[in-house]
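Fold and geometry: a report
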Amino acid sequence: MKFDDFFKRASQVAEIGSQKDLANLLGIEPPAITLAKTRGVPKSWALTLANMFGVSLEWLKTGTGPVYQSDRPRTSFIPKVSARACAGTGSLEVQDNIISEIPFGRSWISQKGRPESMVVMDVVGDSMSPELEPGDSVLIDQSQTEILSNNLYVLGHLDVLQIKRVQARPGLITLYSANQRYQPVTLQGDEIETLRIIGRVLWSSRNYA
């Protein structure tokens, strides 16, 4: 997506007059604007404006079709990323490039957390089977990093992404799998520092294909 075309359409719907206004609107630093002029506009920018103003993603990207979403008051678009949450021994695919956008009801998703911090990613591996199967997708709120015991979280541990049910006690964190073939993993002391909470799982979809 070329920056000049995107900026023209963004200025139209957001009523902004400068690139500095765009940076403030998106919550980014001005150098990101300079980078977008040479490398192209990140997909996340279009998603942000679409959710802010109810604008059609297709129109923001290409300038074709209706400007506004027909269901403008009711839909939020959440980015689906190429990172995959592994329900097994771990996945090294930790890139967060946006590959598509998933529509959710605005009212429902706003009750669950912060839509601007949410992403969707696919599940690989079988350690959470039958609760989550390979190919299922999960919705994650990256703003929810405080552990609530017995909830599902996407975790960064030992340089891989995993999805586990987590139980926290003072000085002790245990990661549980739904598949009984996988033993719980217990972290304590300095080991807890190796664990990074990516976000809490709010929703899952089942892939029957």
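Each chain carries its own residue numbering, running from 1 in the written order of its sequence. Per-residue local features of the predicted model are confined to residues with pLDDT of at least 70, and side-chain atom pairs are confined, for both listing and counting, to 80 or more; whole-chain, interface and lining totals are unaffected and use all residues. Heavy atoms throughout the structure, all of them, feed into the side-chain values; hydrogens and water do not.

Before going further, it helps to examine the overall build of the protein. For the protein, the count of helices and strands is 6 helices and 9 strands. The classification of residues rests on relative accessible area computed with a 1.4 Å probe and restricted to protein chains. Under 20% of the type maximum is buried, over 50% is exposed, and intermediate values are partly exposed. Across the 209 residues of the protein, 42% fall into the buried class. By sequence separation, contacts in the protein at least 24 residues apart represent 57% of the contacts at least 6 residues apart. Values of accessible area rely on a 1.4 Å probe in the Shrake-Rupley scheme; residue burial ignores everything except the protein chains shown. A total of about 11300 Å² of accessible surface is found on the protein, and carbon and sulfur atoms cover 49% of it. Numbering of helices and strands starts at the N terminus; helices are DSSP runs of H or I of at least 4 residues and strands are runs of E of at least 2. Contacts between residues were defined by any pair of non-hydrogen atoms, one from each residue, lying within 4.5 Å.

Bringing the environment of Glu15 into the picture now. By secondary structure assignment, the location of Glu15 is in the loop between helix H1 (3-14) and helix H2 (19-26). Its relative accessible area of 73% is what places Glu15 among the exposed residues.

Next up on the list: the nonpolar core. The biggest cluster of nonpolar side chains holds 40 residues, and the ones touching the most others in it are Phe6, Leu22, Met121, Val154 and Ile163. In terms of residues, this core owes the most to one element, H1, which gives 6 residues. For our purposes a nonpolar core is just a set of buried Ala, Val, Leu, Ile, Met, Phe, Trp, Tyr and Cys residues, chained together by side-chain atoms within 4.5 Å. Counting residues in each nonpolar core, the second largest holds 8 residues, with Val166, Leu175, Leu187 and Leu195 among its members.

Moving on, we get to the packing of H1 against H2. Think of each axis as a best-fit line through the C-alpha atoms, taken over the contacting stretch in the case of a helix, with angles from 0 to 180 degrees between the N-to-C directions. Here H1 crosses H2 at 75 degrees, and the two axes come no closer than 11 Å. Judged on the interaxial angle alone, H2 and H1 are roughly perpendicular. Facing Phe3, Phe6, Phe7, Ala10 and Ala14 of H1, the residues of H2 in contact are Gln19, Leu22 and Leu25. Residue classes follow a fixed rule: Ala, Val, Leu, Ile, Met, Phe, Trp, Tyr, Cys and Pro count as nonpolar, while Asp, Glu, Lys and Arg count as charged, and any other residue, Gly among them, counts as polar. A class-by-class count of the residues in the contact of H1 with H2 yields 7 nonpolar, 1 polar and no charged. For classification, angles of less than 35 degrees are called roughly parallel, those exceeding 145 degrees roughly antiparallel, those between 65 and 115 degrees roughly perpendicular, and all remaining angles oblique.

Moving on: the environment of Asn97. Relative to the elements of secondary structure, Asn97 occurs in the loop between strand E1 (75-86) and strand E2 (98-105). Remark: the alpha-carbon pair of Asn97 and Pro79, spanning 18 residues in sequence, is separated by 9.1 Å. Once you skip the residues sitting within four places of it in the chain, Asn97 turns out to touch Lys80, Val81 and Ser82.

Moving on, we come to the packing of H1 against helix H4 (residues 43-53). Two numbers describe how H1 lies on H4: the axes approach to 11 Å, and their chain directions differ by 15 degrees. By the criterion of interaxial angle, the relationship of H1 to H4 is roughly parallel. Relative to H4, H1 is oriented so that their crossing is left-handed. Across from Phe3, Phe6, Ala10, Val13 and Ala14 in H1, the residues of H4 making contact are Trp45, Ala46, Leu49 and Phe53. A breakdown of the residues in the contact of H1 with H4 according to their chemical character gives 9 nonpolar, no polar and no charged. Should the near helix be turned counterclockwise from the far one by less than a right angle, the crossing is left-handed, whereas a clockwise turn marks it as right-handed.

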